[in-house]
Amino acid sequence: MRRAHPPPRRRQAGPGAGEERGGLVLANYGRFLAVEGGDGTVVRCVARARLRDVVCGDRVGWVPDGSGQGVVVSVAPRHGVLLRPDRRGRPRPVAANLDRVVVVVAPQPPFDRHLLDRYLAAAELCGIGAAVLVNKADLLDEAARADWRARLAPYADMGYAVAFASTCTASGIDALAALLAGRTSILVGQSGVGKSSLVKALLPDLPIRIGRLSEATGLGRHTTTATTLYHLPRGGDLIDSPGVRAFALWTTEPREVARGFVDIARLAPACRFADCRHLGEPGCAVEAAAARGALDPERLASYRRIVAG
Ligand SMILES: Nc1nc2c(ncn2[C@@H]2O[C@H](COP(=O)(O)OP(=O)(O)OP(=O)(O)O)[C@@H](O)[C@H]2O)c(=O)[nH]1
Ligand SMILES: [Zn+2]
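Residues numbered from 1 in each chain as written. Chains lettered and ligands numbered in written order. Predicted model: local features only at pLDDT ≥ 70, side-chain atom pairs only at ≥ 80, totals over all residues. Heavy atoms only, no water.

### Details of the pairing of strand β10 (residues 161–164)
Move 1: Pairing geometry for strand β9 (residues 129–134) and β10, over four bridges, is parallel. Counted as the bridge partner of Ala131 is Ala161 from β10.
Move 2: Handedness of the β9-helix α2 (residues 142–158)-β10 crossover: right-handed. (Pairing = 2+ DSSP bridges. Helix = DSSP H or I, 4+ residues; strand = E, 2+ residues; numbered from the N terminus. Right-handed = clockwise from strand over helix to strand, strands pointing away.)

Structural data, given as structure tokens:
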């Protein structure tokens, strides 16, 4: 539960304490954060102990500690926090202030529809918009591309942007850059679909940026595995999260899971029972819609698989 009243904010005061400045968390290395100050410089910071889970994408207030490092003393209210379950299954933030989750799929490794549904449900539950990107489009002839369009048509109908790209031929990369411009996005998807390749295609100077970051933070070997925010050349930011690209939902509670399925959530108010779980109850409008072809039966199957745990 959120507290009705936030605890009073302790003021940083006294000799030697710098003035509070605004910053953006570029990366989180566990104990240390890389914070970009207003002037674009990057400072290594630690967060006040009471500030739990300061993550990549957070807008923070920080003060210099007098030795070239900083202390994060406040975190601005967030929107679009992507969660993932920790080892005990409790939701923990991965990144904050996200506008879009881009779910990357590809002809190779074999497409896993259930996984796509899980990613989209996670984005919905976190209140973040989502898009589906078919990478490795170079492997698709015209007929195969039409198959993919048909397969993803239900998602386009739900309002998700569907795009094609290839990092090999560079086709679709410009369109992807346009889709990402002006927003903060994160790429997720199963291992091997080409997320690293896409990040490299979108940020041609990636090794230089990683070098700058590790220089500024003095945390060389951590910088390639940490969740990191990069400014995109055309505006907007891309968060690359190598360690957390595959994630499960943190809930199997039917009503909560159903909120993650926009097509099911739209139908649910017509179910006979207000607390219908869409698991075979009489008068279930969701099941009826799947039976008459108004709901993709595979979406209902995905929903039921998540609820089954
Ligand atoms: N044909 C084809 N292969 C690609 C394309 N993009 C990436 N690949 C290949 O797909 C394989 C996996 O690419 P990665 O970028 O490492 O995939 P990833 O999704 O980052 O994988 P993880 O790091 O395991 O999550 C590599 O062998 C790439 O060369 C593409 O557009 N077309
Ligand atoms: Zn129902």
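Resuming the write-up.
### Brief notes about the coordination of the zinc ion (ligand 2)
Move 1: Taken together, the protein donors to the zinc ion (ligand 2) comprise Cys271 (SG), Cys276 (SG), His278 (ND1) and Cys284 (SG), at separations of 2.1 to 2.4 Å.
Move 2: Given four donor atoms and angles of 104 to 114° at the metal, the environment of the zinc ion (ligand 2) is assigned as tetrahedral.
Move 3: Here the donor residues for the zinc ion (ligand 2) map to a single chain with the spacing C-x4-C-x1-H-x5-C.
Move 4: Looking at Cys271, the relative accessible area reads 7%, which means it is buried. (Donors = N, O, S within 2.8 Å, 3.2 Å for Na, K, Ca; no water. Tetrahedral: all angles 85-135°; square planar, octahedral: opposite > 155°, others 65-115°. Buried < 20%, exposed > 50% of the residue type's maximum accessible area, 1.4 Å probe, protein only.)

### Observations regarding the packing of helix α1 (residues 113–125) against helix α9 (residues 297–308)
Move 1: In the contact formed by α1 and α9, the axes pass within 10 Å of each other and the chain directions differ by 70°. Taken together, the axes of α1 and α9 are roughly perpendicular relative to one another. Of α9, the residues touching α1 (which contributes Arg113, His114, Asp117, Arg118 and Leu120) are Glu298, Arg299, Ser302, Arg305 and Ile306.
Move 2: Residue composition of the contact of α1 with α9, by class: two nonpolar, two polar and six charged. (Axes fitted to C-alpha atoms, helices over the stretch in contact; angles between N-to-C directions. Parallel < 35°, antiparallel > 145°, perpendicular 65-115°, else oblique. Contact = heavy atoms within 4.5 Å. Nonpolar A, V, L, I, M, F, W, Y, C, P; charged D, E, K, R; others polar.)

### Looking at the site of ligand 1
Move 1: Not every one of the 16 residues close to ligand 1 is listed here, only the nearest: Asp138, Thr167, Ser191, Ser196 and Ser197.
Move 2: Within the side chain of Asp138, an N or O atom sits 2.7 Å from a nitrogen atom of ligand 1.
Move 3: Considered on its own, ligand 1 offers 660 Å² of accessible surface; in the complex 66% of this is hidden by protein.
Move 4: Grouping the constituent residues of the shell around ligand 1 by class yields three nonpolar, nine polar and four charged. (Near = heavy atom within 4 Å. Polar contact = N/O pair within 3.5 Å; in protein donor to acceptor, adjacent residues only side chain to side chain. Areas by Shrake-Rupley, 256 points an atom, 1.4 Å probe, with all protein chains shown as cover.)

### A short note on unusual backbone geometry
Move 1: Here the residue pair Gln108 and Pro109 is connected by a cis peptide bond, since its omega of -5° sits within 30 degrees of zero.
Move 2: Tracing the sequence through the fold places Pro109 in the loop between β8 (100–105) and α1.

### Description of the pattern of salt bridges
Move 1: One pass over the structure, following the stated rule, counts 12 salt bridges.
Move 2: For Glu298, the salt bridge is made with Arg113, and the minimal N-O distance between the two is 3.9 Å. Pair noted here: Glu298 is in helix α9 and Arg113 is in helix α1, with a separation of 185 residues, a long-range link.
Move 3: Since its relative accessible area comes to 46%, Glu298 is described here as partly exposed.
Move 4: Residue Arg113 is classed as buried on the basis of its relative accessible area, which comes to 11%.
Move 5: For Arg299, the salt bridge is made with Asp117, and the minimal N-O distance between the two is 2.8 Å. Linking Arg299 in helix α9 with Asp117 in helix α1, this pair joins segments that are 182 residues apart in sequence.
Move 6: Overall, the relative accessible area of 0% leaves Asp117 in the buried class. (Salt bridge = Lys/Arg side-chain N within 4 Å of Asp/Glu carboxyl O.)

### As for the domain arrangement of the chain
Note: interface size is frequently given as the accessible area lost on complex formation between the parts.
Move 1: Segmenting the chain into domains produces domain 1 (21–75), domain 2 (82–240) and domain 3 (254–308).
Move 2: The C-alpha centroid of domain 2 is placed 25 Å from the C-alpha centroid of domain 1.
Move 3: Every contact between the two is made by 18 residues of domain 1 and, on the other side, 19 residues of domain 2.
Move 4: Interface of domain 1 and domain 2: buried area, both sides summed, is about 1,500 Å²; carbon and sulfur atoms make up 62% of it.
Move 5: Summed over the three residues of domain 1 that lose the most area to domain 2, namely Tyr29, Arg44 and Cys56, the buried surface amounts to 37% of that side.
Move 6: Run the count over domain 1 and domain 2 and you get one salt bridge.
Move 7: Here Asp53 ties to Arg92 by a salt bridge, and the two come within 2.9 Å at their closest N and O atoms.
Move 8: On inspection of domain 1 and its partner domain 2, the count reaches six residue pairs in polar contact (both at pLDDT 80 or more).
Move 9: No other element matches the six residues that strand β1 (residues 21–29) contributes to the side of domain 1 that touches domain 2.
Move 10: Tallied by class, the residues present in the side of domain 1 that touches domain 2 amount to 10 nonpolar, two polar and six charged. (Domains from an automatic or database assignment. Buried area = accessible area lost by both parts, 1.4 Å probe.)

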